[in-house]
Amino acid sequence: MELSSMTKPLLDWYDENRRSMVWRDNPTPYNVWISEIMLQQTRIEAAKSYFIRFTDEIPDIQTLATIPEERLMKLWEGLGYYNRARNLQKAAQLIVEKYDGQMPAQYDLLLDLPGIGPYTAGAIASIAFGEKAAAVDGNVLRVLTRYLALDDDIMKMSFRKQASQALIQVMPERSGDFNQAIMELGEVVCIPNGAPLCECCPLASKCQARELGRQGDFPVKTEKKARRIEKRTVLIIECEDKVGICKRPETGLLAGLWEFPSLDGYITKQKCMQMTGALDGEQLEPVKHIFSHVEWHMRGVHLIIKDTSGMDEWIPNILWVQKKDLDEIYTLPVAFHGFKKQISK
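Asks: Is there a simple way to explain empty space enclosed by the protein in this structure?
Replies: One way to see where empty space is left: roll a probe the size of a water molecule over the atoms. Enumeration over the complete set of coordinates arrives at one cavity of 30 Å³ or more. Surrounding the largest cavity, 16 residues form its lining, Arg-146, Cys-190, Cys-198, Cys-201 and Cys-207 being those nearest its centre. Elements represented by at least two residues in the lining of the largest cavity include exactly helix H10 (138-148) and helix H13 (208-212). Among the elements that line the lining of the largest cavity, the one with the most residues is H10, at three residues. Residue composition of the lining of the largest cavity, grouped by class: 13 nonpolar, one polar and two charged.

Spelled out as structure tokens, the structure:
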């Protein structure tokens, strides 16, 4: 890949157009790390408020290493993919133990930390420490494949390694700005959905996809398998001023998080009332939640019971909490927020 012609125009464009972000304006190793983990599955605008809330309460690696997991999960609530938060804490504990609480500055050492892969290690190493390390994500791959009209499958690790090596060969001293410039260009100009804004692109004059009129043909990537659909019935059971929640298994989807009790398949309201001995029941609006490999199509039933005795015989370890505690203490994944909103009206 010949990329030397892109370096100067890209940095010039970035200097004029870079967006202000709280972590970018104060690029400490900790801020870069937390932001990059959050941004793996969250849009920039949505991540800003989460980042501020998270770093206000967990301002450094030492605090992250020791904060109770329940509180950590609550601060992460809404971002999804909760293993990212658990890996943050595991990595923080390792950094405290092995590096005296200071983030290691080298790409190879960063790569050894839980939850940090090649992209994140490259981002931290270049942005926070100035190392000439590549940070190759989907935005970068889209820019490169259009710029050079490359038909390679971007899902192949061999191509990603090739792209990383090519970027390192042309990387200037401002390695962190260079990496952020390509990502920024992919987000706001060489966009993934719809026609790229070529008239605003600093690389347009030498972009081979534009010259061929084939911008929409790149990048090439293997199609994902269709997501599996799972039908579930979610029970929102209230007794006086309390609602029942239970913990999911410690392994698998949403491991170890709190949920409203749920059953496989669709169960009628009448059957749910019989099972719980409910005094009253209401069918709620259905909720759909999409994970990377599965979709939950959920029907909710709001049940009112007279007392909780015997309920844990068929819902083991059910916990009865006040509704306000769902906002303040217990981490309820986004998958169930649609039902929480309906009972909060």
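Asks: Looking at this structure, how should I read the pairing of strand S2 (residues 242-247)?
Replies: The sheet contact formed by strand S1 (residues 228-239) and S2 spans two bridges and is antiparallel. Counted as the bridge partner of Glu-238 is Val-243 from S2. Hairpin connection between S1 and S2: a loop of two residues separates the two successive antiparallel strands, and Glu-240 in this loop has a positive phi of roughly 55°. Relative to strand S8 (residues 319-322), S2 runs antiparallel, the two being bridged by four bridges.

Asks: Just to check I follow, could you spell out the nonpolar core for this structure?
Replies: Side chains that are nonpolar tend, in soluble globular proteins, to be buried together. The biggest cluster of nonpolar side chains holds 99 residues, and the ones touching the most others in it are Trp-33, Phe-54, Leu-64 and Phe-260. Counting residues in hydrophobic clusters, the runner-up holds 13 residues, among them Leu-235, Cys-239, Cys-272 and Ala-278.

Asks: How do you make sense of unusual backbone geometry when you look at a structure like this?
Replies: Leave glycine aside and you will find that most residues have negative phi; peptide bonds, for their part, are mostly trans. Residue Phe-218 is joined to Pro-219 through a cis peptide bond whose omega torsion reads 0°. Looking at the element boundaries, Pro-219 is found in the loop between H13 and S1. In the Ramachandran plot, Asp-100 falls in the positive-phi region, its phi being about 55° despite a non-glycine side chain. Residue position: Asp-100 is located in the loop between helix H7 (83-99) and helix H8 (107-111).

Asks: What am I meant to see in the pattern of salt bridges here?
Replies: Opposite charge on two side chains allows them to pair when their charged atoms are near. With the rule as written, the count across this model stands at 21 salt bridges. With a closest N to O distance of 2.7 Å, Asp-12 and Lys-8 form a salt bridge. Taken together, the positions of Asp-12 and Lys-8, both in helix H1 (residues 7-17) and four residues apart, correspond to about one turn of that helix. Between Asp-177 and Arg-18 there is a salt bridge, with the nearest N and O atoms lying 3.9 Å from each other. Of this pair, Asp-177 sits in helix H12 (residues 175-188) while Arg-18 sits in the loop between H1 and helix H2 (22-25), placing them 159 residues apart in sequence. Relative accessible area serves as the criterion here: at 36%, Arg-18 is assigned to the partly exposed category. One connected set of salt bridges, linked through shared partners, spans Asp-15, Arg-18, Arg-174 and Asp-177.

Asks: What exactly am I supposed to notice about the environment of Arg-84 here?
Replies: Summarising the element assignment, Arg-84 is placed in helix H7. When the C-alpha positions of Arg-84 and Gly-115 are compared, they lie 6.5 Å apart, and in sequence the two are 31 residues distant. Once residues within four sequence positions are removed from consideration, Arg-84 is found in contact with Ile-37, Met-38, Gln-40, Gln-41, Thr-42, Trp-76 and Leu-79.

Asks: Would you mind showing me how to read helix H11 (residues 157-170) here?
Replies: For an α-helix the count is 3.6 residues per turn, leaving residues at separations of three or four pointing the same way. Helix length check: H11 (14 residues) gives 21 Å between terminal C-alpha atoms against 20 Å at 1.5 Å per residue, within 8%. Every buried residue of H11 is accounted for by Phe-159, Ala-163, Ala-166, Leu-167 and Val-170. Axial view of H11: buried residues confined to an arc of 100°, hence all on one face. Those residues of H11 that are exposed and aimed more than 90 degrees away from the buried face are Met-157, Ser-158, Lys-161, Gln-165 and Gln-169.

Asks: Please explain the packing of aromatic side chains as it appears in this structure.
Replies: Here the distance between the centres and the angle between the planes together describe a pair of aromatic rings. Counted by the stated rule, this structure contains seven aromatic pairs. Relative to Trp-33, the ring of Tyr-30 has its centre 6.3 Å away and its plane inclined at 75°; by these criteria the two rings are edge-to-face. Of this pair, Tyr-30 and Trp-33 both sit in helix H3 (residues 29-38), three residues apart, roughly one helical turn. On the basis of relative accessible area, Tyr-30 is assigned to the buried category, the value being 7%.

Parameters and conventions
- Residues numbered from 1 in each chain as written.
- Predicted model: local features only at pLDDT ≥ 70, side-chain atom pairs only at ≥ 80, totals over all residues.
- Heavy atoms only, no water.
- 1 Å grid on protein atoms, 1.4 Å probe; cavity = no way out; pocket = protein on both sides within 12 Å on 5 of 7 lines; lining within 4 Å.
- Points joined across faces, edges and corners; volume = space filled by probe spheres on them.
- Helix = DSSP H or I, 4+ residues; strand = E, 2+ residues; numbered from the N terminus.
- Nonpolar A, V, L, I, M, F, W, Y, C, P; charged D, E, K, R; others polar.
- Pairing = 2+ DSSP bridges.
- Core = buried A, V, L, I, M, F, W, Y, C linked by side-chain atoms within 4.5 Å.
- Buried < 20%, exposed > 50% of the residue type's maximum accessible area, 1.4 Å probe, protein only.
- Salt bridge = Lys/Arg side-chain N within 4 Å of Asp/Glu carboxyl O.
- Contact = heavy atoms within 4.5 Å.
- Expected span 1.5 Å × (residues − 1).
- Arc of directions from axis to C-beta.
- Phe/Tyr/Trp six-rings, centres within 6.5 Å; stacked < 30°, edge-to-face > 60°.

That's the geometry; what it means functionally is another story.
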